[in-house]
Every structure is written in C-alpha cells, then in structure tokens.
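Now for the letters of each chain:
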Amino acid sequence: MWGAEAPSAPGAEEADRALLLDSPSLAHLAPAIVGGERLRAADLLRRPLEFCAPPDPTAALLRARASNPAPHPQGVGLRLLSWNLALLDVRIFGRVYKQSPWLEQRRPVVFERLLGSGADLLLLQELWQPPEIRLLDRLASASGYRLFCPPREARDGLAILLREGQWTGEVQVELRPYEVQDRQEALSFPGKEPILRSFLRLSFEHPRLGPLSLFDTHMQAFPAAWLHRMVQSRRLGLEVARRPPEELVLVGGDLNAAPFYARQTWRRPDGRFDSSWWHNALSLPLLQHYGGLVDLAVRGRPAGDADLDVRVARGLDNDPVAALRPPLHGPAGLSEAHLAEQLRAFTATDLNRLYHEQYAGTEQPARLDHLLARDPDGRIHVCASRHRFLEREVGTPQGPVEPSDHFAVEVELRVAPQDRPPSPEQP
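Keep in mind that this is a model prediction, so the values were computed, not measured. (Residues numbered from 1 in each chain as written. Predicted model: local features only at pLDDT ≥ 70, side-chain atom pairs only at ≥ 80, totals over all residues. Heavy atoms only, no water.)

**With respect to the pattern of salt bridges**
Heads up, the condition is: Each reported salt bridge corresponds to a side-chain nitrogen of Lys or Arg within 4 Å of a carboxyl oxygen of Asp or Glu. For helices the rule is a DSSP run of H or I covering at least 4 residues; for strands it is a run of E covering at least 2, with both sets numbered from the N terminus onward.
Following the criterion strictly, the structure yields 36 salt bridges and no others. We note a salt bridge from D16 to R234, for which the minimum N-O separation is 2.9 Å. Of this pair, D16 sits in the segment before helix 1 (43-46) while R234 sits in helix 6 (residues 226-241), placing them 218 residues apart in sequence. Among the salt bridges present, the one from R243 reaches E247, with a minimum N-O distance of 2.7 Å.

**A few points about the sheet that holds strand 9 (residues 210-218)**
Operational definition: In short, DSSP must find at least two bridges between two strands for them to pair. To get an axis, fit a line to the C-alpha atoms, keeping to the stretch in contact for a helix; angles then go from 0 to 180 degrees between the N-to-C directions. Contacts were defined at the residue level, with two residues in contact if any of their heavy atoms lie within 4.5 Å.
An order of 7-8-9-10-14-13 is seen for the six strands of this open sheet, with the pairing classed as mixed. Each end of this open sheet is capped by a strand with a single partner; those strands are strand 7 (168-177) and strand 13 (293-295). Across the sheet, the mean angle from the axis of one strand to that of its neighbour is 20 degrees, orientation sign disregarded. Across seven bridges, the pairing between strand 9 and strand 10 (residues 248-254) is parallel. The partner of L212 across the bridge, within strand 10, is L248. The strands that helix 6 touches are strand 7, strand 8 (198-206), strand 9, strand 10, strand 13 and strand 14 (369-374); relative to strand 9, the one it contacts most, it runs at about 175 degrees.

**Focus on the nonpolar core**
In summary, soluble globular proteins display a tendency toward joint burial of nonpolar side chains. Convention followed: Residues grouped as a nonpolar core are buried Ala, Val, Leu, Ile, Met, Phe, Trp, Tyr and Cys residues, joined through side-chain atoms within 4.5 Å. Each residue is placed in one exposure class: buried if its accessible area under a 1.4 Å probe, protein chains only, is under 20% of its type's maximum, exposed if it is over 50%, and partly exposed if it falls in between.
Judged by nonpolar contacts, the single largest core of 30 residues is most densely connected at L80, L162, L214, L296 and I380. If you tally residues by element for this core, the top one is strand 16 (residues 408-415), at four residues. In terms of nonpolar packing, the next biggest core, distinct from the first, is built from 29 residues, L26, A30, I33 and M230 among them.

**With respect to the pairing of strand 2 (residues 89-92)**
In the sheet, strand 2 pairs with strand 3 (residues 95-99) via four bridges, with the strands oriented antiparallel. Within strand 3, the position partnered with V90 by the bridge is K98. Remark: two residues form the turn of the hairpin made by strand 2 and strand 3, two consecutive strands paired antiparallel; F93 in that turn has positive phi of roughly 50 degrees.

**Focus on helix 3 (residues 103-115)**
Quick reminder of the rule: Between the first and last residue of a helix there are one fewer steps than residues, each counted as 1.5 Å, and that sum is the expected span.
Here helix 3 is 13 residues long and its end C-alpha atoms lie 18 Å apart, about the 18 Å a rise of 1.5 Å per residue gives. Every buried residue of helix 3 is listed here: L103, R106, R107, V109, V110, F111, L114 and L115.

So, in structure tokens, the structure goes:
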C-alpha cells in the first residue's frame, strides 16, 4: 500500500528542463516573472522569484474550454466528484486541538449528500477519524458504493468511493506521503496524531473503459505554504505521467491553490498583510505541466464562463472590516448576478457561512478544489461541470450553515471506450 521510492530532485526529469514559454501549462507564468522568458520548469522550485504582474491564465483557460472534444457515439457516462468534507478533528492526548465547526450536526448531512449525489467516482478529503470512516463504510455498502480508505497510523483524510459496477477484478490501492510536510502537522509523539499530506491512488479495470487510475490528494494548506505545494504538485504530476499510456487517469482533490489571484498583497482583519499571493498561482500549472493534465471543470463550463476565475477575482474587494460581517445575503451592494458568478467561480469563499466562521477576510476567495485528467487522445468529453452542496441546510444554534466549508466540484463526462477488445474476465 505504501510507496517507498524517493522522488527525483528538481532538474533530473525531462519535464524539469522545459522552458516556461514552451509549456502550454506554464507559458503564462513567463511574462509575470522578471526574467521568466529564460526560466525552465525546475527553476520555479530552485530560485527566488520576482513578480512584475499577476500570472494571468486567461489564454490557458480559453484553450481548456475550447479543447473539449466532441462526445464519442459510444461514449460511456461517468460522473466524477471531489469534496473536502471539513470533518477535521485533530486531538492531542484525547483533547481537541483543531476541529471544524459543528461536526456532529454536519456529519449525517455530509454522508447523506455524498451517497445521494449520483456520482460514480468520489474523491474525498478530510474524512478524519476511524469511527466516522467505519460509519461511512457501512452506509456506503448499503447505498451501492465501496469505500477505499486503507488503515494507516498517520492522518491524511483521504478516501475514495466507487459505485458498484465501476470496476472488475482487483482494485490496487496505494497511499504515499509527500516528501515535504509541515513540521507541526507531521510531528509525532505519544498522544498526538501526526498529519502527513499524501496522495491516494486507485487503479482498476473499468468494464468498458479499460485500465483507469484515480488520484486523490489534499495539498498543504494556507498561503504561506506555496513552496510546499509546488514540490507536492511536481511529485504528483510525475506519478501521473508514469502511469501506462493506455490508462485513463483522473486526478482531483483540494489543491489549496487557484489558477489566478488578482492581488499579490492581501490585508487581513487583524491588520497583517500577506504578500506572496502570486506565488500561490504556480502549483496548479506545475501539476498540469508535469502530469500532462487538463482542467475538466473548465472544459465543462459554458463558453462565456471559461475565464470566470480571472474576471471574478479581479472584481473582489479587499475590505477587512466588511469581511467580518456575517454573509447573510452576500456582501452589501453585490447584485444577484455577481453573487451567482462568485458561487460558480469559487469553491472556498466567505459567501460560505461555515468558511466565513473560520477564515473571514483572511484569504482571497478562490477555486481550490479541482478535477483534472490526462487525456492526450481526446477521449474525455465534459458534458457539464458544477459546484454542489451550496445550500445552508444544516441547523445549528447560530443559524443554518452549509454541509462543508468547501463546495464540491463535479463533472459529468462522456468517455470514449478503450480501443481494444475486452479482457477475458470482462462481461
């Protein structure tokens, strides 16, 4: 289950040596970085970077939307969903150290929404403690799903649900921690549960699509950890690239990074300034570069929403006083149309009341949750993409809140069947 080989050092792989300008995923970074026209992919991880503008992925987003291939006449329907469940529950000597709000009230709603979602493949983050893992396992079996959440000593919160009938034969399960970790999270001593940021891979034979691998991850949190996320993105991307070429590869999770941030500096309600936000726009394109990945959520957007991340982010205010006001009906003066745009654009936003309760005004709203695919042959048509579980439906003494502080991201796919006869064990 556990992978053990050490990752290669930056510069050792062919993908490391690609010029930013020669990589479709990285080209938009070059004009945003001083001297960027001379930089190679590995340089982003090995040297200080001076920005002269926000990395603007507009052209890449438009290409991603335009790259959506026509549906195959015999295409197989798949619904893929990723959701950070916000069931964080970390204890030291049995006492709560970090815990998401309203766990007891939200947990049954979260599980009900998951198992009633209609999705075929579900990538989960922050499914934390063994009792709730066992509970979801029992509920999943009764609802036509199988939960894959291998036992381990450290906590990473990762799990995958597969709808029955989506695989034949054995499912290979692999869990690997990243080589870089937050020291405080990873610290291990009696009474403390260590947290290791990791990725979980399932590989299996799909009855009609052939070999398929799913990667689920939850990368390092908080803006200041941008370099950790870049290293983690490189590692995951290289793992994706090493999968057999005939395999369909789908990747998702909470990457804790967005395609675009309009501001390099963000003023927080406590008066402090965070001043490295543009660095946070590097890890997603790095993952796409190393893994050869396309953005399924953008592929499935209406054409007019292709660059939604950029347009909406540019219109955000950084008002730390207003940010503390409860988001009862959205910010004052925000039209219904602009409110709807923000909810379509971002999965982590102060408009989510549960998110606001924990992080009000401390971060730029962003699309942190992603669904990606390796699709060199154009097998994957995205019929639609959407955010789910936006409703404030969980009752608490302080009023209704959303099931999670992240919205789920879902894509509806039509995938061309594998171009080979089925193996003998397939129906």
